[in-house]
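Close look at the chain arrangement
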Amino acid sequence: MLLDASSPDGGRDLEALAASGAVGAVHDTIDEQLDELIRSQNPAVEHSADTLAASRRRICGETPRWRWGTWVFYPWNGRLVHVLPREDFQRVRTDRNRGRIDRAQQRDLRARRIGVVGLSVGNSAAVTLAMEGVGGSFRLADFDALGLSNLNRLRAGVDDLGVPKAVLAARQMYEIDPYLDIEVFTDGLTEDSIGPFFDGVDGTGPLDLLVEECDTVWAKVATREYARRRGIPVLMDTNDRGLLDVERFDLEPHRPLFHGRTGAATSADIARMNRAEQLSFLLAVVDEARLSPAMRAAIGEIGRGLSSWPQLASGVTLGGALVADTARRILLGELIPSGRTYIDLDALLPAIDPPSTPASVRVMEEVR
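Described in the following lines is the structure provided in the data block.

A separate point is the pairing of strand 7 (residues 181–185). Pairing of strand 6 (residues 137–141) with strand 7 involves 5 bridges; the strand directions are parallel. Bridge pairing in strand 7 places Arg139 opposite Glu183. For the segment spanning strand 6, helix 7 (residues 165–176) and strand 7, crossover handedness is right-handed.

All right, on to a nonpolar patch on the surface then. A cluster of nonpolar side chains, Leu148, Val158 and Leu161, forms an exposed patch at the surface whose accessible area comes to about 300 Å². Along the polypeptide, Val158 turns up in the loop between strand 6 and helix 7.

Here the largest pocket is characterised by a volume of approximately 1300 Å³. Per-element tally for the lining of the largest pocket: the top contributor is helix 11 (residues 275–285), with 6 residues. Partitioned by chemical class, the residues of the lining of the largest pocket number 22 nonpolar, 13 polar and 10 charged. Along the wall of the second largest pocket there are 19 residues; nearest its centre are Asn239, Asp240, Arg241, Leu312 and Asp346. Where the lining of the second largest pocket is concerned, the elements lending two or more residues are helix 12 (293–299), helix 13 (313–331) and helix 14 (345–348).

For the structure on display, the rule yields 6 aromatic pairs. A centroid spacing of 5.3 Å and a plane angle of 80° characterise the contact between Phe185 and Phe197, whose relative ring orientation is edge-to-face. Taken as a pair, Phe185 in strand 7 and Phe197 in helix 8 (residues 194–199) lie far apart in primary sequence, 12 residues in all. For Phe197, a relative accessible area of 0% puts it in the buried group. Summarising the aromatic geometry, the rings of Phe198 and Tyr226 are spaced 5.4 Å apart at their centres and angled 25° between planes, so their arrangement reads as stacked. With Phe198 in helix 8 and Tyr226 in helix 9 (residues 217–230), this residue pair connects regions lying 28 residues apart in the sequence. This pair shows no difference in class: Phe198 is buried, exactly as Tyr226 is. Aromatic rings pair up to connect Phe185, Phe197, Phe198 and Tyr226 into one cluster. Looking at Arg229, its charged tip hangs above the ring of Tyr226, at a distance of 4.7 Å from the centre. Sitting over the face of the ring of Tyr342, Arg241 holds its NZ or CZ atom 4.5 Å from the ring centroid.

Quick look at the sheet that holds strand 11 (residues 339–342) now. The 7 strands lie next to each other as 7-6-5-8-9-10-11, forming an open sheet whose pairing is mixed. Bordering the open sheet on either side are strand 7 and strand 11, each of which pairs with just one other strand. Across the sheet, the mean angle from the axis of one strand to that of its neighbour is 15°, orientation sign disregarded. Relative to strand 7, helix 7 is tilted by about 170°, and along the sheet it contacts strand 6 and strand 7.

Thresholds, definitions, all that
Here the residue numbering is sequential within each chain, running from 1 through the sequence in written order. The predicted nature of this model means local features are confined to residues of pLDDT at least 70 and side-chain atom pairs, given and counted, to a pLDDT of 80 or more, with totals for whole chains, interfaces and linings taken over all residues. In computing side-chain properties, one takes all heavy atoms of the structure into account and sets aside hydrogens as well as water. Here a strand pair is declared whenever DSSP counts at least two bridges between the two strands. Only DSSP runs of H or I with at least four residues qualify as helices, and only runs of E with at least two residues qualify as strands; both kinds are numbered from the N terminus onward. Handedness is read with the strands pointing away from the viewer; a crossover is right-handed when the path from the first strand over the helix to the second is clockwise. Within this analysis, patches are made of residues with over 30% relative accessible area and no salt bridge. Like charges are joined at 9 Å or less; nonpolar side chains (Val, Leu, Ile, Met, Phe, Trp, Tyr) at 5 Å or less. Surface accessibility follows the Shrake-Rupley procedure with a 1.4 Å probe radius. Residue values consider only the protein chains on display as shielding. For this document, the term salt bridge refers to a Lys or Arg side-chain nitrogen within 4 Å of an Asp or Glu carboxyl oxygen. Cavity and pocket criteria rest on a 1 Å grid covering protein atoms alone: a 1.4 Å probe that fits but cannot get out defines a cavity, protein on both sides within 12 Å along at least 5 of 7 lines defines an open pocket, and an atom within 4 Å of a point defines a lining residue. Grid points are joined across faces, edges and corners, and a volume is the space filled by probe spheres set on the points. Polar here means any residue other than Ala, Val, Leu, Ile, Met, Phe, Trp, Tyr, Cys and Pro, which are nonpolar, and Asp, Glu, Lys and Arg, which are charged; Gly is therefore polar. Between 30 and 60 degrees the pair is tilted, below 30 it is stacked and above 60 it is edge-to-face, where a pair is any two Phe, Tyr or Trp rings, Trp via its six-membered ring, whose centres lie within 6.5 Å. Burial status follows relative accessibility: with a 1.4 Å probe on protein chains alone, a residue under 20% of its type maximum counts as buried, one over 50% as exposed, and anything between as partly exposed. Over a ring means this: the NZ of a Lys or the CZ of an Arg is within 6 Å of the ring centre and within 35 degrees of the ring normal. Helix axes are fitted to C-alpha atoms over the stretch in contact, other axes to C-alpha atoms as well, and angles between N-to-C directions run from 0 to 180 degrees. Here, residues are in contact when the closest pair of their heavy atoms is within 4.5 Å.

This is the structure we're talking about:
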């Protein structure tokens, strides 16, 4: 909930909220945020406490400080937070991006809409995109809720257990930037919801880029069919060997799905497959022969000794970084080609066999 206390309605709403008992904590660092804004406007100027105070008065004018800016209420934790107005907030929050992402590029990225399907592995990508300022509008889809076994790789707490994963990601992103526009699809993607996911509920606007990280085979295929028809690039990280897929349907409208690894199979074909056939399809998608030894060994144990696919927080975090970096570059117009890349840390930082102990050292150890 965003409240503009400088307006009569916003002021009344803020007072009513404060009197409701719903607010558990108030966080007001508006002076410090103003100081950061002042310094970011001209980094070459060295300010004293007096010049900062004078600049704050100049910016706020006659408006009492508590009525200036925006108050944000987070109903899931009862916190009421005072932040800068939208443009000033975004300027300061992404100020340290400069030198890598200039102001014009930041504005371009804020105008983009990104869809993320699958908010387990996709949580890392979505939150990293929000932190970096890649995207100003998001659509998040996942039918599942956070379980205890998810906490080995999702940045969440035990008090979040049972929260829908799409809602959890939206909350985390809003806590980074309350001015984001986020739609959540807590039933995942179905034949009924996939159209609104791509085009917007009531036609609010099409996606500019899709991040696909879901386990449902039908959704993996159907999202690519929709993306190809609409000319939307697709990114996927598989969390094994740092595999990153790029499918530039915006540049190649007839490109085969999954780089042609699955033939001409459609989402309608997937809907008729049994569980074993869908697993074979997934293994074709990820190129079974190139899986890590650990993942290949795990496949036969799923449903017997293992409850599901093994995943680690380090791999999920790496995947979020790879997706966010690639998404930023594509949305800014870089010609990143379609294809599959491995950022395999086991290969880039290989372990070596311990050196044999020199004979002289062995003799000294025997003497001791």
